[in-house]
Amino acid sequence: MKRAFEFRVLGVLLVVGLVVTGCKSAPELSQAEAQKMIQAYYDQQPPEPTHVYVDYTGLKQGVDAKYWKVVKAFPANKNWGDLDLTDEGKKAYKLEDGSNTIHWRPDDQNKGHFYVNTVLATHPKVSEVSDPQDDVVPGVDTAKSCKFTATTNLEGLPDTVKQMAHDVGNTLTARRTADFGLENGAWKLHGVH
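An account of the accompanying structure is given in this report.

Thresholds applied
- Per chain, residues are indexed from 1 in the order of the written sequence.
- Given that this is a predicted model, residues contribute local features only at a pLDDT of at least 70 and side-chain atom pairs are listed and counted only at 80 or more, while totals for whole chains, interfaces and linings are drawn from all residues.
- Based on all heavy atoms of the structure, the side-chain values leave hydrogens and waters out of the count.
- Note on conventions: DSSP H or I runs of at least 4 residues are helices, E runs of at least 2 residues are strands, and numbering of each starts at the N terminus.
- Polar contacts, as counted here, are pairs of nitrogen or oxygen atoms within 3.5 Å of one another; within protein the pair requires one atom able to donate a hydrogen and one able to accept it, and residues that are adjacent in sequence qualify only if both atoms are side-chain atoms.
- Whether two residues are in contact is decided by their heavy atoms: any pair within 4.5 Å suffices.
- For every residue, the accessible area obtained with a 1.4 Å probe (protein chains only) is divided by the maximum for its type, and the residue is called buried under 20%, exposed over 50%, and partly exposed between those limits.
- When charges are counted, neither His nor the chain ends are considered; positive counts come from Lys and Arg and negative counts from Asp and Glu.
- By definition, a salt bridge exists where a carboxyl oxygen of Asp or Glu is found within 4 Å of a side-chain nitrogen of Lys or Arg.
- Expected helix span is computed as 1.5 Å times (number of residues minus one).
- As used here, the arc is the angular range of directions from the helix axis to the C-beta atoms.

With that settled, the discussion passes to the side chain of Thr122. Relative to the helices and strands, Thr122 is located in strand E6 (residues 114-122). In this structure the side chain of Thr122 is engaged in a polar contact, spanning 2.9 Å, whose partner is the backbone oxygen of Asn153. In this structure Thr122 touches Pro47, Glu48, Asn153 and Glu155, once residues within four positions along its chain are discounted.

In structure tokens, the structure reads:
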């Protein structure tokens, strides 16, 4: 009987000791804190140009905006042509191959495409951050992760360039995952994938 009483007293003391010293648990990681860390990560990376898919619609938009002009037509195939970037076009775009000439060679239905990169480079914007959840992350003892949307930042680009970036074939958003690790009592961004 005495021994059972001692175990109860010991158990009570143990519980009281834990309450008094406080159980160490991980601090909360809010959506807002996660978004702030993810955006800071992207803002620290080198800015990137916007990669734009240009089909026949975009080709016409570029001609109308005077970003490129026809310099060579092919009589045997009226849909083919070479177009050079104008001075205005060189302020907005760079061609993937580094040249200043677009070699437009669509198929029989006038379906073709090429890619350009904007001269202006930006950082993506982070939005739609989910609630961070406990997770298992290699190399991290205590971890959380969340999903978010990274959206291409079109601020500062001319309206026609923005319109072309929204044409069919372009992807301006991507759903990604951010991993966080608890280091010295504070959450740190561990990686983005």
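A word on the side chain of Asp55. Counting through the fold element by element, Asp55 comes out in the loop between strand E1 (48-54) and helix H3 (56-64). It turns out Asp55 is buried and unbridged, and the closest side chain with the opposite charge, Lys111, is 9.0 Å from it. Engagement of the side chain of Asp55 in a polar contact is seen with the backbone nitrogen of Thr57, the distance being 3.1 Å. Apart from the residues lying within four places of it in its own chain, the contact partners of Asp55 are Trp104, Gly112, His113 and Val168.

As for its position among the elements, Lys69 is in strand E2 (residues 68-73). When its relative accessible area of 48% is taken as the criterion, Lys69 is described as partly exposed. The spacing of Lys69 and Leu85 is 16 residues in sequence and 6.7 Å in space, taken between C-alpha atoms. Apart from the residues within four sequence positions on either side, Lys69 is in contact with Asp82, Leu83, Asp84 and Thr86.

A few words on helix H2 (residues 31-44). In a regular helix each residue adds 1.5 Å, so 14 residues correspond to 20 Å; H2 covers 20 Å between its end C-alpha atoms and thus fits that length. Taken together, the buried positions of H2 are occupied by Ala34, Ile38 and Tyr42. All buried residues of H2 fall inside an arc of 70° around its axis, so they share one side. Those residues of H2 that are exposed and angled more than 90 degrees off the buried face are Ala32, Lys36 and Gln44. Buried residues in H2 make contact with strand E7 (125-127), strand E9 (143-151), strand E10 (173-183) and strand E11 (186-192).

Function-wise, these values are silent; they only describe arrangement.
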